[in-house]
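Take a look at the letters that make up each chain.
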Amino acid sequence: MSKTVGFIGLGNMGMPMAEQLMKAGYTVQALDLSEALQAKAAELGAQVKHTIAETAKGADMVITMLPAGPHVRKVYMGEGGLVETAAPGTLLIDSSTIDVDTSREVGTASVAKGLEMIDAPVTGGVMAARIGKLNFLIGGTEASVARATPYLEIMGGKLLYAGEQGSGIGVKICNNMSLGISMIAAAETLMLAKRLGLDLERTYEIVTNASGQNWALSNYCPVPGLLDGVPSTNGYKPGFSGAMMRKDLRLSQDAALSVNAVTPLAAHAMAIFSHFCDSGHAEMDYSGISKLIGGDAWDYEVDPSVLG
């Protein structure tokens, strides 16, 4: 296994992922459009590169963590991209959260050029990335997944195999669709309890041990003071931002449309998170949706009609 890894995309998730590899003794050849992020990567010990070809040269594996499908398409299939410049046999791992069609398209193009590719989007957010405890949702051949496993284990706490290439992102979209809906449900539950004058600590303890329990409520409580170590207790600093949740819910709706699936709760959740972001809270943690759901139960008022 080579000790040289290419890494393209050094944002909130990519940077700590690359840092975990460097801490484990790997040489990371890093590329990002932001000069500031490249400078930070250099400070952490990365070898900064300036082209995709340079980033892939001599690397057994290249990881991409990019904002959206068009960026992935350009990095892989554009002029000077990975499909054109990576050496045959290079393993490509895309951890971006994008649409399924783009993931499958770049996978097919990569394999046609003698490359290996898996999609491995993540869950867990920035906090998990910083400590190497991300969950990877993986799609690809068993041989490619086995080859990627030693690298992914450095950055991840769990490696969850979803099926053929493109399946990882498909599962991620379905998972985050459920997460967005359940975070709104958790917020509505606690804000109703607050308006009813109930003891929130007792309500929280009861509901998290009863049939109303869900992951968002039990592990990422959207109301401050009920659970330690979550963004709501730290001024709603992300975490996983409202903008990222809106993006993932939009992906779920695009996916649903493409296969003629009906997802009314997810559609409504996307509308709520869109209003949350458009109200100036796009960079707040997505659990801050409780502030919108709560209205004047917190620190600003929202016309309930915007919630449909």
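Conventions used here
- Residues numbered from 1 in each chain as written.
- Predicted model: local features only at pLDDT ≥ 70, side-chain atom pairs only at ≥ 80, totals over all residues.
- Heavy atoms only, no water.
- Core = buried A, V, L, I, M, F, W, Y, C linked by side-chain atoms within 4.5 Å.
- Buried < 20%, exposed > 50% of the residue type's maximum accessible area, 1.4 Å probe, protein only.
- Helix = DSSP H or I, 4+ residues; strand = E, 2+ residues; numbered from the N terminus.
- Contact = heavy atoms within 4.5 Å.
- Patch = residues over 30% accessible without salt bridge, like charges linked within 9 Å, V, L, I, M, F, W, Y side chains within 5 Å.
- Areas by Shrake-Rupley, 256 points an atom, 1.4 Å probe, with all protein chains shown as cover.
- Salt bridge = Lys/Arg side-chain N within 4 Å of Asp/Glu carboxyl O.
- Axes fitted to C-alpha atoms, helices over the stretch in contact; angles between N-to-C directions.
- Parallel < 35°, antiparallel > 145°, perpendicular 65-115°, else oblique.
- Left-handed = near helix turned anticlockwise from the far one by under 90°.
- Nonpolar A, V, L, I, M, F, W, Y, C, P; charged D, E, K, R; others polar.
- 1 Å grid on protein atoms, 1.4 Å probe; cavity = no way out; pocket = protein on both sides within 12 Å on 5 of 7 lines; lining within 4 Å.
- Points joined across faces, edges and corners; volume = space filled by probe spheres on them.

The next subject is the nonpolar core. Phe7, Ile93 and Phe136 are the most contacted members of the largest nonpolar core, which has 33 residues in total. Taken together, the elements giving at least two residues each to this core come down to β1 (4–8), α1 (14–23), β2 (27–31), β4 (61–64), β5 (91–94), α7 (125–130), β8 (134–139) and α8 (142–155). Setting aside residues up to four positions removed in sequence, Phe136 forms contacts with Met17, Ser95, Ala120, Pro121, Val122, Leu152, Met155, Gly156, Lys158, Leu159 and Leu160. Core analysis: the second largest hydrophobic core is formed by 30 residues, Ala187, Tyr236, Leu249 and Phe276 among them.

Another aspect to go through is a nonpolar patch on the surface. Taken together, Leu192, Leu196 and Leu198 make up a surface patch of nonpolar side chains, about 310 Å² in accessible area. Tracing the sequence through the fold places Leu192 in helix α9 (residues 167–195).

Glancing now at the packing of α9 against helix α13 (residues 264–281). Packing of α9 against α13 leaves a shortest axis separation of 9 Å and a crossing angle of 65°. On the basis of the axis angle, α9 is roughly perpendicular to α13. Once α9 is placed against α13, the crossing between them reads as left-handed. Taking contact as the criterion, the partners of Met177, Gly180, Ile181 and Ile184 in α9 are, on α13, Leu265, Ala266, Ala269, Ile272 and Phe273. Broken down by class, the residue content of the contact of α9 with α13 amounts to eight nonpolar, one polar and no charged.

This part is about the layout of surface pockets. In this structure, the second largest pocket encloses a volume near 300 Å³. What lines the second largest pocket is a set of 17 residues, among which Val100, Ala255, Ala256, Ser258 and Val259 lie closest to the centre. When residues of the lining of the second largest pocket are traced back to their parent elements, those giving at least two are α6 (100–112), α9 and α12 (242–258). With six residues, the top contributor of residues to the lining of the second largest pocket is α12. Of the residues that constitute the lining of the second largest pocket, the class distribution is nine nonpolar, four polar and four charged.

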